[in-house]
Amino acid sequence: MKRLLAFVPLLVVFTALAVGCKPAETTKVEETTTTTTPEGSTTVTETATVEEKGENPPPANP
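First, a word on what this report is: a plain description of the structure on this page.

Each value, and the rule that gives it
- Residues numbered from 1 in each chain as written.
- Predicted model: local features only at pLDDT ≥ 70, side-chain atom pairs only at ≥ 80, totals over all residues.
- Heavy atoms only, no water.
- Helix = DSSP H or I, 4+ residues; strand = E, 2+ residues; numbered from the N terminus.
- Buried < 20%, exposed > 50% of the residue type's maximum accessible area, 1.4 Å probe, protein only.
- Contact = heavy atoms within 4.5 Å.
- Patch = residues over 30% accessible without salt bridge, like charges linked within 9 Å, V, L, I, M, F, W, Y side chains within 5 Å.
- Areas by Shrake-Rupley, 256 points an atom, 1.4 Å probe, with all protein chains shown as cover.
- Salt bridge = Lys/Arg side-chain N within 4 Å of Asp/Glu carboxyl O.

### Observations concerning the overall build of the protein
Looking only at helices and strands, one finds 1 helix and 2 strands in the protein. Its helices and strands in sequence order give the protein the pattern α-β-β, from N to C terminus. Buried positions account for 0% of the 62 residues belonging to the protein. Considering only contacts within the protein whose residues lie at least 6 apart along the sequence, 24% involve residues at least 24 apart.

Structure below.
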């Protein structure tokens, strides 16, 4: 019983630290271009992913 009571504050500390963690922020930019010809149409999708790091990351310009 004493071991269980000693484990509870440790669990509370780990939980508080885990809640404070922030996941990595990412920005996803998609650009879709459709070209139509007499033979048919073609769709091209370009995707750029930018991971933001630091307090003032640069803007995402694909």
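### Details of a nonpolar patch on the surface
Side chains of Phe 7, Leu 10, Leu 11, Val 13, Phe 14 and Leu 17 sit close together on the surface and give an oily, nonpolar patch of about 590 Å² of accessible area. Structurally, Leu 11 is set in helix α1 (residues 2-20).

### Section: the environment of Thr 34
Tracing the sequence through the fold places Thr 34 in strand β1 (residues 25-37). Measuring from C-alpha to C-alpha, the distance between Thr 34 and Thr 45 comes to 8.7 Å, with 11 residues separating the pair along the chain. Those residues in contact with Thr 34, other than ones at most four positions away along the chain, are Thr 42 and Thr 43.

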